[in-house]
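Architecture and fold: a report
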Amino acid sequence: MRVISGIYKRRRFDVPHTFKARPTTDFAKENLFNVLCNNYIDFEDNITALDLFAGTGSISIELVSRGCDKVISIEKDPQHLAFISQIMREVKTDKCFPMRADVFKYIEKCHEQFDFIFADPPYALKELEQLPDLVFAKNLLAPDGLFVLEHGKTQNFSNHPHFLEHRSYGSVNFSFFGNAEQEEMQTEEPASAEQGDAL
């Protein structure tokens, strides 16, 4: 697992082979952050982020590296959480707050808003398709914030009222969601982009 860009660029962390987590591929992660930085977010602008189903912490460390002011990483597995905490200690950051919790219970009780929310649930999770509804029902996203959900190829969120666009990189799919203000900003953006499209 490597950090793509930012202050920890090119740092590598060895994920234990015993982990059940399926980290976002470096190829998909690099393309995702290219889209985010070019079209949506300046991560150095006092951004707060929420990483749901944080797994190996791959997205969390990337967010910290790129300048996020605060990242909350939610992970239920104690071994995965310990690994995330170890990474953050190694880079000596105080910007990331790993938390052991069930994502759905956390969402239910959270009263904080975030500029960027990322969720990478297991693709077979039966509640996966409920996540966009839950995020917006609990008002977790800041007015001009962005929610990105990683999912498999069988899910299609294009009819969701907060849907912005879809990006696909190999077997990895990302659906983007935003509030009304963000939706208006993206009227000139294509609704979908497949692997190989210009970013």
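Residues numbered from 1 in each chain as written. Predicted model: local features only at pLDDT ≥ 70, side-chain atom pairs only at ≥ 80, totals over all residues. Heavy atoms only, no water.

**Describing the overall build of the chain**
Scanning the chain from N- to C-terminus turns up 6 helices and 8 strands. Reading the chain from its N terminus to its C terminus gives the helix and strand order α-β-α-β-α-β-α-β-α-β-β-β-α-β. Put simply, the chain has 199 residues, and 51% of those count as buried. Counting contacts in the chain only where the partners sit at least 6 residues apart, residues at least 24 apart contribute 70% of the total. Total accessible area computed for the chain in this model is approximately 9900 Å², and 47% of it derives from carbon and sulfur atoms. (Helix = DSSP H or I, 4+ residues; strand = E, 2+ residues; numbered from the N terminus. Buried < 20%, exposed > 50% of the residue type's maximum accessible area, 1.4 Å probe, protein only. Contact = heavy atoms within 4.5 Å. Areas by Shrake-Rupley, 256 points an atom, 1.4 Å probe, with all protein chains shown as cover.)

**Considerations on the pattern of salt bridges**
Evaluation of the coordinates by the stated rule reveals 9 salt bridges. One salt bridge connects Glu62 with Lys29, and the closest N-O pair in it is separated by 3.7 Å. Placement of Glu62 in helix 2 (residues 58-65) and of Lys29 in helix 1 (residues 26-39) is noted, with a sequence separation of 33 residues between them. As far as the burial class goes, Glu62 and Lys29 line up, both buried. The partner of Arg167 in a salt bridge is Glu165, and the shortest N-O contact between them spans 2.7 Å. Overall, Glu165 belongs to the buried group, its relative accessible area being 0%. Look at the salt bridges and you will find they share partners, linking Arg2, Asp26 and Glu30 into a network. (Salt bridge = Lys/Arg side-chain N within 4 Å of Asp/Glu carboxyl O.)

**Notes on the confidence of the model for the chain**
In the predicted model, the chain carries a mean pLDDT of 90, and 89% of its residues have values of at least 70. Of the regions scoring below 50 in pLDDT, residues 182-199 engages in 35 contacts with residues more than four places distant in sequence or in other chains. (pLDDT = per-residue confidence, 0-100.)

**So, the side chain of Asn173**
With respect to the secondary-structure elements, Asn173 resides in strand 7 (residues 172-178). In this structure the side chain of Asn173 is engaged in a polar contact, spanning 3.4 Å, whose partner is the backbone oxygen of Ser171. Ignoring sequence-local partners within four residues, the contact set of Asn173 consists of Leu149, Glu150, His151, Gly152, Lys153, His166, Arg167 and Ser168. (Polar contact = N/O pair within 3.5 Å; in protein donor to acceptor, adjacent residues only side chain to side chain.)

**Brief notes about the pairing of strand 6 (residues 163-169)**
The buried count for strand 6 comes to 7 of 7 residues, which makes it a mostly enclosed element. Where strand 6 meets strand 7, 6 bridges bridge the pair, whose relative direction is antiparallel. Its bridge partner lying in strand 7, Phe163 is registered against Phe177. (Pairing = 2+ DSSP bridges.)

**With respect to the packing of aromatic side chains**
Counting across every chain of the model gives 11 aromatic pairs. A ring pair is formed by Phe157 and Phe177, whose centres lie 5.7 Å apart and whose planes are at 85 degrees; its orientation type is edge-to-face. Of this pair, Phe157 sits in the loop between strand 5 (141-151) and strand 6 while Phe177 sits in strand 7, placing them 20 residues apart in sequence. Side by side, Phe157 and Phe177 carry an identical accessibility label, which is buried. Within the aromatic cluster, the residues linked to one another by ring pairs are Phe27, Phe118, Tyr169 and Phe174. (Phe/Tyr/Trp six-rings, centres within 6.5 Å; stacked < 30°, edge-to-face > 60°.)

**Some remarks on the side chain of Thr56**
Within the secondary structure, Thr56 sits in the loop between strand 1 (48-52) and helix 2. A polar contact of 3.4 Å, which involves the side chain of Thr56, links it to the backbone nitrogen of Ser58.

**Considerations on the pairing of strand 3 (residues 96-100)**
The two faces of the sheet receive side chains in turn, since in a regular strand these alternate between them. Bridge count for strand 2 (residues 70-75) against strand 3 is 5 bridges, and the pairing is parallel. The residue of strand 3 that forms the bridge with Ile72 is Phe97. In this fold, strand 2 hands off to helix 3 (residues 78-90), which returns the chain to strand 3; that crossover is right-handed. (Right-handed = clockwise from strand over helix to strand, strands pointing away.)

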